[in-house]
Amino acid sequence: MNQYIEETKKGLVHTYNRFPVVFERGEGVYLYDTEGKKYLDFAAGIAVCGLGYGNQELNQTLKDQIDHLMHTSNLYYNTTCGKAAGALRRITDMDRVFFTNSGTEAIEGALKAARKYAFKKGTGRYEFVAMENSFHGRSIGAVSVTGSEAYRTPFEPMLPGVRFAEFNNLDSVKEQITDKTCAVILEPLQGEGGINQASKEFMEGIRRLCDEEGILMICDEIQCGMGRTGAMFAWQSYGVKPDIMAMAKAIGSGIPVGAFAMTEAVAEYSLEPGDHGSTYGGNPLACAAVAKTVEIFEREDLAGHVRKVGAYLAEKLDELAAGCDAIMERRGTGLIQGIRLVKPAGEVISRALDAGLVVISARDNVIRLVPPLIIEERHVDEMIDILRRVL
Ligand SMILES: *Cc1c(COP(=O)(O)O)cnc(C)c1O
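Cut-off values and rules
Residues numbered from 1 in each chain as written. Predicted model: local features only at pLDDT ≥ 70, side-chain atom pairs only at ≥ 80, totals over all residues. Heavy atoms only, no water. Near = heavy atom within 4 Å. Polar contact = N/O pair within 3.5 Å; in protein donor to acceptor, adjacent residues only side chain to side chain. Areas by Shrake-Rupley, 256 points an atom, 1.4 Å probe, with all protein chains shown as cover. Nonpolar A, V, L, I, M, F, W, Y, C, P; charged D, E, K, R; others polar. Pairing = 2+ DSSP bridges. Helix = DSSP H or I, 4+ residues; strand = E, 2+ residues; numbered from the N terminus. Core = buried A, V, L, I, M, F, W, Y, C linked by side-chain atoms within 4.5 Å. Buried < 20%, exposed > 50% of the residue type's maximum accessible area, 1.4 Å probe, protein only. Domains from an automatic or database assignment. Contact = heavy atoms within 4.5 Å. Buried area = accessible area lost by both parts, 1.4 Å probe. Salt bridge = Lys/Arg side-chain N within 4 Å of Asp/Glu carboxyl O. 1 Å grid on protein atoms, 1.4 Å probe; cavity = no way out; pocket = protein on both sides within 12 Å on 5 of 7 lines; lining within 4 Å. Points joined across faces, edges and corners; volume = space filled by probe spheres on them.

A. Region of the structure containing the site of the ligand. In the vicinity of the ligand, the residues found are Ser-102, Gly-103, Thr-104, Phe-135, His-136, Gly-137, Glu-187, Asp-220, Ile-222, Gln-223 and Lys-249. Taking Thr-104, its side chain carries an N or O atom lying 2.5 Å from an oxygen atom of the ligand. One of the backbone N or O atoms of Phe-135 is found 3.2 Å from a nitrogen atom in the ligand. Protein coverage of the free-state accessible area of the ligand, which is 380 Å², stands at 82%. Taken together, the residues of the shell around the ligand sort by class into two nonpolar, six polar and three charged.

Given below as structure tokens:
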């Protein structure tokens, strides 16, 4: 274990303070480290491994694809890209998809698509309104719309023309919209920012504002999408459809892949040949992962499963909170929930790991629970037992 840790520490740019654990293998909703210790996983590689670990159907599909073809470039057609795009179109109700390698790039592409739309329409608009406490990724474009000063300041100057509004405050969004605004970007449920759910009035109000101004609504569904809230995508539970949306994390079940998608009305005035591209984006292996992931999600009705287990998780967390002074409140829905603590969450997370439970934080003092979507009630019980002891 120490050898792996030492060689990693020596070799990598020090951007993460990692916990001293070396994971080697996963099975279902459990992870195993190099010492053979078993962990119940309520993090899913940061909301990525929706199907948990060792799904044989997914693994076999990936193995077959590796044997056939992993990569060709986007200069040619391949056998999985169209299928994956079709699957995403079906579950997103969007019309056009662009595949990326990460969430950050999906955001980057969504911003470019919105700027191109304004450009082609000749509106002279280029500004974005983004939300405080948002998280959209780490490239200069994505970090420019991320509502956390600590992430932006060392890399200034940022993209010009980004204004921040208060999440769940429609008046604040109105105040930030100018005749130069081309789009409003938000997560329907902020993950990194502390598990903050948009209210129905807020989502509906933003849709109305965007329509009135003739500007675009961009939803970042990278963390809250793919069944995690109990809807396939969080915006669907509001009945408010964005013009552009970004996905990543769970759509490839661990194969690095993201996507942004748009309606036909946007596509008609947006990116054209030469405007955008990616060497890896949507390669045969990534697309095989997306197509198979969506197939399993739909066949097993994982979103329906999340609604059931998520309700049970909420009930058990409420019970835990009621009997524990260290917890201020429960937050979130489905299988993206959190508990806000009176103190920073670091020590609890570290002790949970010692006790065989993997959880992560959101902001300083929220413990974020984003388990594989296949967890059952007994796993919730097991998690609550450990968390109660640790707290
Ligand atoms: C993780 C995340 C991103 C960035 O995705 P990467 O794959 O890490 O680049 C963007 N937005 C949200 C909401 C996220 O949770």
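Next comes the rest of the account.
B. Examining the pairing of strand 13 (residues 327–333) more closely. Both strand 13 and strand 14 (residues 336–341) contribute to a ladder of six bridges, which runs antiparallel. In the strand pairing of strand 14, Arg-331 is matched with Gly-338. Where strand 13 folds back onto strand 14 in an antiparallel hairpin, the turn is made up of two residues, including Gly-334, whose phi is positive at roughly 55°.

C. Main features of the nonpolar core. Judged by nonpolar contacts, the single largest core of 84 residues is most densely connected at Ile-206 and Met-383. With nine residues, helix 11 (residues 284–299) is the single largest residue contributor to this core. Two domains each put at least three residues into this core: domain 1 (2–55 + 301–390) and domain 2 (69–299). Setting aside residues up to four positions removed in sequence, Met-383 forms contacts with Leu-40, Phe-42, Leu-313, Leu-317, Leu-357 and Leu-369.

D. Inspection of the domain arrangement of the protein chain at higher detail. Entries for the protein chain in the domain assignment read domain 1 (2–55 + 301–390) and domain 2 (69–299). Each of domain 1 and domain 2 was reduced to a C-alpha centroid, and the two centroids are 26 Å apart. Every contact between the two is made by 26 residues of domain 1 and, on the other side, 27 residues of domain 2. Of the roughly 2200 Å² buried between domain 1 and domain 2 on both sides combined, carbon and sulfur atoms contribute 58%. Linking domain 1 to domain 2 there are one salt bridge. Taken together, domain 1 and domain 2 are joined by 15 residue pairs in polar contact (both at pLDDT 80 or more).

E. Fine view of the layout of surface pockets. Within this model, the second largest pocket holds a volume of roughly 930 Å³. A class-by-class count of the residues in the lining of the second largest pocket yields 13 nonpolar, ten polar and five charged.

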